[in-house]
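# Per-entry structural report
Residues per chain are reported as follows:
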Amino acid sequence: MVLECQLTNGIRVVYDRIESANSVAFGVRIAVGSQNENKKNNGIAHMIEHMVFKGTKKRTAAQIADEIADVGGNVDAYTSKEVTFYYAWVLPEHLKKTIRLLEDMLFHSQFLEEEFEKEKSIVMEEIDMYKDSPEDVVHEMLQKKVWEPHPLGFLISGERETVEEFTRDEVKQFMEWHYTADRIILSVAGAFDPVEILALLEETFGEVPFSLQSPELTIPQFTPSVYIEKKDIEQVHINLVFESISSIAKERYTFSVLNSILGGNVNSRMFMKIREEMGIAYAIYSYGSSYKTTGLFHIYAGVNPFQVENCIQAMGEQIRIFAKEGPTAVELVRAKEQIKTDLMIQYESTKGHMNSNAKELMLFGKVASLQETLAMVNQVKREDVIEVMNQYFSLEKIGIGLVGNLEGIEGEPIGIEWVRNQMEKRNKFT
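Calculation rules
- Residues numbered from 1 in each chain as written.
- Predicted model: local features only at pLDDT ≥ 70, side-chain atom pairs only at ≥ 80, totals over all residues.
- Heavy atoms only, no water.
- Salt bridge = Lys/Arg side-chain N within 4 Å of Asp/Glu carboxyl O.
- Helix = DSSP H or I, 4+ residues; strand = E, 2+ residues; numbered from the N terminus.
- Buried < 20%, exposed > 50% of the residue type's maximum accessible area, 1.4 Å probe, protein only.
- Contact = heavy atoms within 4.5 Å.
- Pairing = 2+ DSSP bridges.
- Axes fitted to C-alpha atoms, helices over the stretch in contact; angles between N-to-C directions.

This part covers the pattern of salt bridges. Evaluation of the coordinates by the stated rule reveals 22 salt bridges. Notably, a salt bridge pairs R168 with D169, separated by 3.5 Å at the nearest N-O pair. Each of R59, E67 and D104 takes part in one network of salt bridges that share partners.

Structural data, given as structure tokens:
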């Protein structure tokens, strides 16, 4: 049963005692990411995530690594555009030690100058590695372009030049401003004693300061855009985007069904038409990237340079047909079953429970049960899918990224009108 409470300093706690579990997961979800940065300090939230593993007043970096190994090695973290999340998945007997370790890392890190400079170099190598991946570049750079200059479009890792200029004091100050009780959710799920662990959370996290000085989030304006980067590789990586819904929008269940049918799995329309029937793309898929204020819907394909126009035209045709006719009864049932299966598999692990509970509490202020979520998926109708297709899949709010070998379209003036023309070439939107 999922329960919620608050520590004396206002930190929200969601805890889920699972009788059948043999493990326990613990997470610290903090509402800070690259969208809270500016052009000068872009990448600083990600830098903090790296630095908390590099030593505290009680533990050296080596001792932290040893303690992580002692509890099974499943202690990790990630930074996104909206949150930084530190989490662990351990045996019940290691939970107390893990909680104390994470609290020490997050609120007593020293940011030693030698470790700081070393870690900056590692982050810059990470940025270089990312730039060598055209599939990553075509997604991240287009997202940056359509939302420019809004920070929601910033790269999570930042740019090399920006990271190089970070100072230890800047990073520590940013952390102090944002790692505050009002931004933190603690989540525990699995085999544990709630009374004992809540007392420990109060002892360890109960003195984190509370602050409400953070500015309100602003909504980025979508600008129809084209991002082009020539690379000497065999393929062209295509990313087609439409302005889409936020992560808290009531249409989120409809979009899950829509995505599954249009491009979200191996029997989707895009996959069956463009890969299986036409044979022009090895990889093709769609997904939504939704945030609290807005979102994007992406359709990706990797193709031969001489199949770029053919692929974009086929994408446009499939979108037009789907927007007009909607899903078949069989597609609707299959999509719902796939989504429900994924949800139930996720909920079979304590880590899945912990992560989902923390995310829901941060987004909605409450945690919906699995049964409530499955019921909402079941309620999606054919008419709902048609409505959101026609509302959001507009050529007025479209962008495209092309990264790779562009010799197949050399000489073409590739602008937003070119994209719209390609999308309409096989047939008009209705």
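Text resumes after the structure shown.
Along the chain, E119 falls in helix 4 (residues 113–131). The class for E119 is buried, based on a relative accessible area of 5%. Those residues in contact with E119 that lie beyond four places of it in its chain are M47, H50, M51 and K54.

Turning our eyes to something else, we now look at the sheet that holds strand 1 (residues 2–6). Taken together, the six strands give an open sheet; going across it, the order is 1-2-6-3-5-4, and neighbouring strands pair in mixed fashion. Single-partner strands in this sheet number two, and they are strand 1 and strand 4 (75–79). Strand-to-strand twist across the sheet, computed as the mean angle between neighbouring axes with direction ignored, equals 15 degrees.

With that settled, consider the sheet that holds strand 9 (residues 281–290). Spatially, five strands are ordered 7-11-8-10-9 in an open sheet, and the strand pairing comes out mixed. At either end of the open sheet lies a strand with only one pairing partner, and these are strand 7 (225–230) and strand 9. With strand direction ignored, the average angle separating the axes of adjacent strands in the sheet is 10 degrees. Examined bridge by bridge, strand 8 (residues 236–244) and strand 10 (residues 295–303) share nine bridges and lie antiparallel to one another. Directly across from S244, in strand 10, lies its bridge partner G295. The sheet contacts of helix 16 (residues 416–424) involve strand 7, strand 8 and strand 11 (398–404), and relative to strand 11 the element is tilted by about 100 degrees.

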